[in-house]
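Chains, contacts and geometry: an overview
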Amino acid sequence: MNISFEQLKSMVVFAQVVEQGNLTAAAKRLGLSRAVVSYHIKKLEEQLEVKLLNRSTRAINLTEAGSVYYQSCRIIAEQALQAQQQMEALKEEPQGLIKITCPVNAGLQLVVPALNEFRSLYPKIELDVMLSDEIINIMQEGIDLAIRGAPLPDSGLQAARLTTLPTCLCGAPSYFKKHGRPTNPAELGSHCWVIYKQTSDVLTLQKGERSYSVALKGGVSTNNAAARTAFIEGGHGLGRIPLYDAWPRIEAGHLETIMDDFELSPIDIYGVFPPGNAASKKLRLLLDFLREYFIRLEHPLNGIVR
């Protein structure tokens, strides 16, 4: 039985429907209408004479036949992408679109300045940058690279460490004037904290071989790193802040560090991407550039606070 070009297209559409979780998301990813996506699925089921999907108003589920068929469709879609990336790698000057997502504060202060330099070096590479503190499903949204503070265990994703950010404990002079300055881990639990909801509410400090854990509580919590720093600067509590964010405020006298003789865990920054993008020349260039850029940033911070 011969397979037509139309059926090959339908197989790629079917793979996207499975990966995106519904017809609407697949249509958006492929740049098609939902009706066209539905047509391809219906056509495949007619040609194969099997039911591939069980559909309800809320979700789709693979049938046994659909699960088996998806594995073949996925391979075809991946091989097509690899072929495209191989041709891309043969071009002397890299080009094409890279869709990136990263947290708002780190994006504005670290990633966007880096991308400014990168774009100047590679003007034919287009950038679509989404700043968000929410964890985005990069497979469903068609994101090529996500900058994250942890190699999240998303199924099928790959991660490359880009840099390590030192952190410090800070408070505003107005806070210390009102509440006093803690000098040991035992006192930290009785102080007010600005809670950053994207991280644990238990702080771990280390000095030599001894480790201390402190449960944090406070009257202000936020999911935005810039808001966290602003609330700390406003005197509403103590907080753990990346040094790149805290240092300009420390120099200006708006923040002061505490517990400088204790060590805090740094924040490892990762580039997370779908495995199909690993062979992309433009993505490899960007990952290498970001690593080198962050190494340059580390030098001014060496010796500060810790």
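Below, the structure is looked at part by part. In this text the structure is predicted, and so the values were computed from the model without any measurement. (Residues numbered from 1 in each chain as written. Predicted model: local features only at pLDDT ≥ 70, side-chain atom pairs only at ≥ 80, totals over all residues. Heavy atoms only, no water.)

One recurring pattern in soluble globular proteins is that nonpolar side chains are buried together. With 25 residues, the main nonpolar core has L145, I147, L286 and L290 as its most contacted residues. Beyond its immediate sequence surroundings of up to four residues, I147 is in contact with I100, T101, C102, P103, V111, L162, I269, Y270 and L290. If you look at the next biggest cluster of nonpolar residues, it comprises 17 residues, including M11, F14, V37 and L52. (Core = buried A, V, L, I, M, F, W, Y, C linked by side-chain atoms within 4.5 Å. Buried < 20%, exposed > 50% of the residue type's maximum accessible area, 1.4 Å probe, protein only. Contact = heavy atoms within 4.5 Å.)

So, about the sheet that holds strand 5 (residues 145-148). Spatially, 4-3-5-15-6 is the arrangement adopted by the five strands of the open sheet, whose pairing is mixed. In this open sheet, the two strands that pair with only one neighbour each are strand 4 (125-131) and strand 6 (158-165). In this sheet, adjacent strand axes meet at a mean angle of 20° when their direction is disregarded. Across three bridges, strand 5 lies against strand 15 (residues 267-273) in antiparallel orientation. From the neighbouring strand, A146 faces strand 15, where its bridge partner is V272. Across the sheet, helix 5 (residues 104-121) is in contact with strand 3 (96-102), strand 4, strand 5 and strand 6; its angle to strand 4 comes to roughly 175°. (Pairing = 2+ DSSP bridges. Helix = DSSP H or I, 4+ residues; strand = E, 2+ residues; numbered from the N terminus. Axes fitted to C-alpha atoms, helices over the stretch in contact; angles between N-to-C directions.)

Another aspect to go through is unusual backbone geometry. Backbone geometry at E49 places phi at a positive 60°, although glycine is not the residue there. Residue classification places E49 among the exposed residues on the basis of a relative accessible area of 70%. Positive phi values are uncommon outside glycine, yet M259 reaches one of about 55°. Among the secondary structure elements, M259 is positioned in the loop between strand 13 (256-258) and strand 14 (263-264). According to the relative accessible area criterion, M259 is buried, its value standing at 6%.

Purely geometric numbers; function is a separate question.
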